[in-house]
Structure formats: C-alpha cells, structure tokens
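# Coordinates in review
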Amino acid sequence: MDDLLHLARRMMLRAHAPYSKFHVGAAVRAEDGSIHGGCNVENAAYPQGTCAEAGAIAAMVAAGGKRILECVVIGPGPGVITPCGGCRQKLREFASDDLPVHLCGPDGLHRTVTLGHLLPMSFGPHHLEKR
Ligand code: THU
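Quick caveat: nothing in here was measured; it's all calculated off a predicted structure. (Residues numbered from 1 in each chain as written. Predicted model: local features only at pLDDT ≥ 70, side-chain atom pairs only at ≥ 80, totals over all residues. Heavy atoms only, no water.)

### Focus: the packing of helix α2 (residues 52-62) against helix α3 (residues 85-92)
- At a minimum axis distance of 9 Å, the contact between α2 and α3 shows a crossing angle of 20 degrees. It follows that α2 is roughly parallel to α3 by the angle criterion. The element α2 and its partner α3 pack so that their crossing is left-handed. Contacts between α2 and α3 pair Glu53, Ala54 and Ile57 from the former with Cys87, Lys90 and Leu91 from the latter.
- Considered class by class, the residues forming the contact of α2 with α3 number four nonpolar, no polar and two charged. (Axes fitted to C-alpha atoms, helices over the stretch in contact; angles between N-to-C directions. Helix = DSSP H or I, 4+ residues; strand = E, 2+ residues; numbered from the N terminus. Parallel < 35°, antiparallel > 145°, perpendicular 65-115°, else oblique. Left-handed = near helix turned anticlockwise from the far one by under 90°. Contact = heavy atoms within 4.5 Å. Nonpolar A, V, L, I, M, F, W, Y, C, P; charged D, E, K, R; others polar.)

Given below as structure tokens:
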C-alpha cells in the first residue's frame, strides 16, 4: 500500500480545486499490479468537476486495467475522508465487496474499510448478466 499512498499523495498535489480548496488524490492497483492515480478536477461550471477516484479509475481503464485490487484515497485531513457515493459506485464497477479502501490523510493511513462496508447491497454488473 506504500506505493499507492505515495502516488495518491503526488496526485493530491496536482488537484485542480480552486473552488472547494479541498485537494484529493486517489490511486488504484489493477490486477496486473500496475498502479494508476488521479486527482479531483473542479470546473467553473461546478457540476462538471470530477473526483480523484474517477480520475484514477479512468487512468486504469485507459491503460487496459479491468479489475481494482486495492484503492487509496487521501484528503487534506484532519478528518477521515471517505469516497462520495458516486465514487463508491464507480469503484464497484471494477471491484467486489472485499476491495480494501485505504482512507488516508497527510499524516498517513487513517483507516481501512472494504467497498462492501462503504456500499452495502450494491447494484453491480452481475445484475445485468443472463437476462
Ligand atoms: N472529492 C473527491 O475527489 N473524491 C471524493 O470521494 C469526495 C470529494 C472532491 C470533489 C470536490 O472537488 C472536492 O472533493 C470537494 O467536494
């Protein structure tokens, strides 16, 4: 998880968050071991802004990744940052309930939870299979 945290930290420094001033970084590990990062990218047209997790997931998919094995999210602290509802669902597309999500601050790891904990009884790709 150290490599993921290191990347997520670097991503957080690149956040474009002039409106909220809340800088977030994220990093995911794909099934082949490769890691991919993203930061939040806000927009003057507020709803067009994107979250750090969305950026990391997009980078992974663009690199050919199909599964997420581990995820780090880092916020400015001091509280524990948790992925927003939309990002929980975005993670769900590429991971199962047992995905470890490491919630971090500038001082390091605050808490590790599973995606199933964050998004119980989730709707996922399996709901659309064999119809
Ligand atoms: N943000 C993320 O990047 N990820 C989350 O899971 C929570 C929120 C960003 C979106 C916005 O740019 C800023 O944090 C404040 O909501």
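Still more ground to cover, so stick around.
### A closer look at the environment of phenylalanine 123
- With respect to the helices and strands, the residue phenylalanine 123 is situated in the segment after α4 (115-118).
- Assessed through its relative accessible area of 47%, phenylalanine 123 is described here as partly exposed.
- A C-alpha to C-alpha distance of 25 Å links phenylalanine 123 and alanine 63, two positions 60 residues apart in sequence.
- In contact with phenylalanine 123, other than residues within four places in its own chain, are Gln89, Arg92 and Leu128. (Buried < 20%, exposed > 50% of the residue type's maximum accessible area, 1.4 Å probe, protein only.)

### As for the site of the ligand
- The environment of the ligand is formed by Ser20, Phe22, Val24, Asn40, Glu42, Cys51, Ala52, Glu53, Thr82, Pro83 and Cys84.
- In this structure, an oxygen atom belonging to the ligand sits 2.9 Å away from a side-chain N or O atom of asparagine 40.
- Here an oxygen atom of the ligand and a backbone polar atom of alanine 52 are 2.9 Å apart.
- Partitioning the shell around the ligand into residue classes produces six nonpolar, three polar and two charged. (Near = heavy atom within 4 Å. Polar contact = N/O pair within 3.5 Å; in protein donor to acceptor, adjacent residues only side chain to side chain.)

### Examining the side chain of histidine 102
- By the element assignment, histidine 102 lies in strand β4 (residues 100-105).
- Separated by 2.8 Å, the side chains of histidine 102 and glutamate 70 make a polar contact.
- Here threonine 112 takes part through its side chain, which lies 2.8 Å from a polar atom of the side chain of histidine 102.
- Among residues more than four places away in sequence, those in contact with histidine 102 are Met1, Glu70, Cys71, Val72, Val73, Leu109, Arg111 and Thr112.

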